[in-house]
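Per-entry structural report
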Amino acid sequence: MRKIGVLTSGGDAPGMNACLKTVVEMSYNYGYECIAFRRGYKGLINGDYYKITKKDVEGIFNVGGSLIYSARSSDFKDIKYQKIAAENVAKSGITALIVIGGNGTYLGANDLAKLGVKVIAIPATIDNDVHSTESSLGFDSAVNNATNMIDNIKQTMQANERISLIECMGRYGGNIALYSAMASQADIVAVPEDPLDREHIYRFIKDQLEHGNNSPTLVVAEKQYNVYQLARDIEHDFNHECRAVILGYMQRGGRPTVKDRISAIRYGVAAVECIDAGIFNVAIGLSNDKIITTPIAEAVQMHSNFRQDLYESFKLLNNPRNKA
Ligand code: F6P
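Residues numbered from 1 in each chain as written. Predicted model: local features only at pLDDT ≥ 70, side-chain atom pairs only at ≥ 80, totals over all residues. Heavy atoms only, no water.

Considering the domain arrangement of the chain
Here the domain parsing of the chain yields domain 1 (2-138 + 256-299) and domain 2 (140-252). A straight line from the C-alpha centre of domain 1 to that of domain 2 covers 34 Å. Area buried by domain 1 at its contact with domain 2 is led by Ile-126, Asp-127 and Thr-257, which between them contribute 44% of it. Summed over the shared surface of domain 1 and domain 2, the result is 1 salt bridge. Put simply, Asp-12 and Arg-252 hold a salt bridge, and the shortest N to O gap is 3.2 Å. Where domain 1 touches domain 2, the interface holds 8 residue pairs in polar contact (both at pLDDT 80 or more). Considered class by class, the residues forming the side of domain 1 that touches domain 2 number 3 nonpolar, 4 polar and 5 charged. (Domains from an automatic or database assignment. Buried area = accessible area lost by both parts, 1.4 Å probe. Salt bridge = Lys/Arg side-chain N within 4 Å of Asp/Glu carboxyl O. Polar contact = N/O pair within 3.5 Å; in protein donor to acceptor, adjacent residues only side chain to side chain. Nonpolar A, V, L, I, M, F, W, Y, C, P; charged D, E, K, R; others polar.)

The following block contains the structure:
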């Protein structure tokens, strides 16, 4: 029987399981057996795979995480391990491999394609930093999680008249911070695409306090500041209580949103349809809400899908100059 392989790789993302279930069901619907590799590229290197059935994926559609585990593999950057992986793929007898993950996963898929493995890549990362698509699985869920938490934090900070400094995930991108700051009506957002120095942040807080906002909310994307230290400094320098909160993994766990569930189905269906049509080495994505495919070699070359237009709107709304 013909076979399709599947793996989930990198940081997990809500919607990975929904997509896995779709791929498994579509494979059998199209007359393929489905083979799951555990722990992303580690499973390829170790030849760790099994036949996954429709029964195995019952009940996982609306659950976060990944049934078949997800992992980052530093070994896989080494051509020696890539070759071992390609040999194991050949031994498994699959027609093609569907990889579900973020930009590191895409780089790995491109390496495999160069070694002759037929791949299809599906974007799944809360960071939304796969540039060949408008939307990666898990991003909408993470933004909703972050927004709900920021809403809650704002309420308690307002009651206690405290400044808050809230750090979102996003790796090297500001998408989660931007969307959740907008949706929760935060007062300022700091993203790596437009780094704000301490002077800027201080000027902004001063302006907010002077205009009667006793609990300004600052949302910052990770890896830019030591938020605990910055909060201590702000508290000292403004003589105004300030709290730092790192939202962390609470953004990444939990049930996928409706948007991510529907994208998971669309991506999974498109991936198996590509394989069945003999189309390989492409990344599946969305553009203007339509399914598109981009050659994987091009997908890994594409740059930032940060929504500069949304960022500009946010700034217009929150620029101190615009405050009465
Ligand atoms: O890529 C997803 C992500 O959650 C990033 O936002 C974050 O920087 C990173 O993974 C955390 O990685 P780890 O799970 O290895 O701590």
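What to know about the packing of helix H6 (residues 175-183) against helix H11 (residues 308-318)
Taken N-terminus to C-terminus, the directions of H6 and H11 make an angle of 40°; their axes are 10 Å apart at the nearest point. The angle between H6 and H11 falls in the class oblique. Considering the relative orientation of H6 and H11, their crossing is left-handed. Each of Leu-178, Tyr-179, Ala-181 and Met-182 in H6 lies in contact with H11, whose residues at this interface are Leu-310, Tyr-311, Ser-313 and Phe-314. In the contact of H6 with H11, the residues fall into 7 nonpolar, 1 polar and no charged. (Axes fitted to C-alpha atoms, helices over the stretch in contact; angles between N-to-C directions. Helix = DSSP H or I, 4+ residues; strand = E, 2+ residues; numbered from the N terminus. Parallel < 35°, antiparallel > 145°, perpendicular 65-115°, else oblique. Left-handed = near helix turned anticlockwise from the far one by under 90°. Contact = heavy atoms within 4.5 Å.)

Some details on the sheet that holds strand E10 (residues 282-287)
Spatially, the 7 strands line up as an open sheet ordered E3-E2-E1-E4-E5-E10-E11, and their pairing is mixed. This sheet does not close on itself; its edge strands, each paired only once, are strand E3 (49-51) and strand E11 (290-295). Within this sheet the neighbouring strands show an average axis-to-axis angle of 25°, counted without direction. By the bridge criterion, 2 bridges tie strand E5 (residues 119-123) to E10 in an arrangement that is parallel. (Pairing = 2+ DSSP bridges.)

As for the packing of aromatic side chains
Within the structure shown, the criterion is met by 5 aromatic pairs. Consider the rings of Phe-37 and Tyr-49, whose centres lie 5.0 Å apart with planes at 50°: the pair is tilted. Residue Phe-37 is found in strand E2 (residues 33-37), and its partner Tyr-49 is found in strand E3; the two are separated by 12 residues along the sequence. With centroids separated by 4.9 Å and ring planes inclined at 80°, the aromatic side chains of Phe-139 and Tyr-179 adopt a geometry described as edge-to-face. (Phe/Tyr/Trp six-rings, centres within 6.5 Å; stacked < 30°, edge-to-face > 60°.)

Points about the site of the ligand
Every residue lining the ligand is accounted for by Arg-72, Ile-126, Asp-127, Met-169, Gly-170, Arg-171, Glu-222, Lys-223, Tyr-249 and Arg-252. At a separation of 2.7 Å, an oxygen atom of the ligand approaches a polar side-chain atom of Asp-127. One nitrogen or oxygen atom from the side chain of Arg-252 is found 2.8 Å from an oxygen atom belonging to the ligand. The fraction of the free accessible surface of the ligand (390 Å²) that becomes covered by protein chains is 78%. Here the shell around the ligand is built from residues that sort into 3 nonpolar, 1 polar and 6 charged. The residue makeup of the shell around the ligand includes at least three contributed by each of domain 1 (2-138 + 256-299) and domain 2 (140-252). (Near = heavy atom within 4 Å. Areas by Shrake-Rupley, 256 points an atom, 1.4 Å probe, with all protein chains shown as cover.)

Quick look at the environment of Gly-212
Topologically, Gly-212 is positioned in the loop between helix H7 (198-210) and strand E8 (217-221). Look at Gly-212 and you get exposed, because its relative accessible area is 54%. Counting along the chain gives 160 residues from Gly-212 to Ile-52, while the straight-line C-alpha distance between them is 59 Å. (Buried < 20%, exposed > 50% of the residue type's maximum accessible area, 1.4 Å probe, protein only.)

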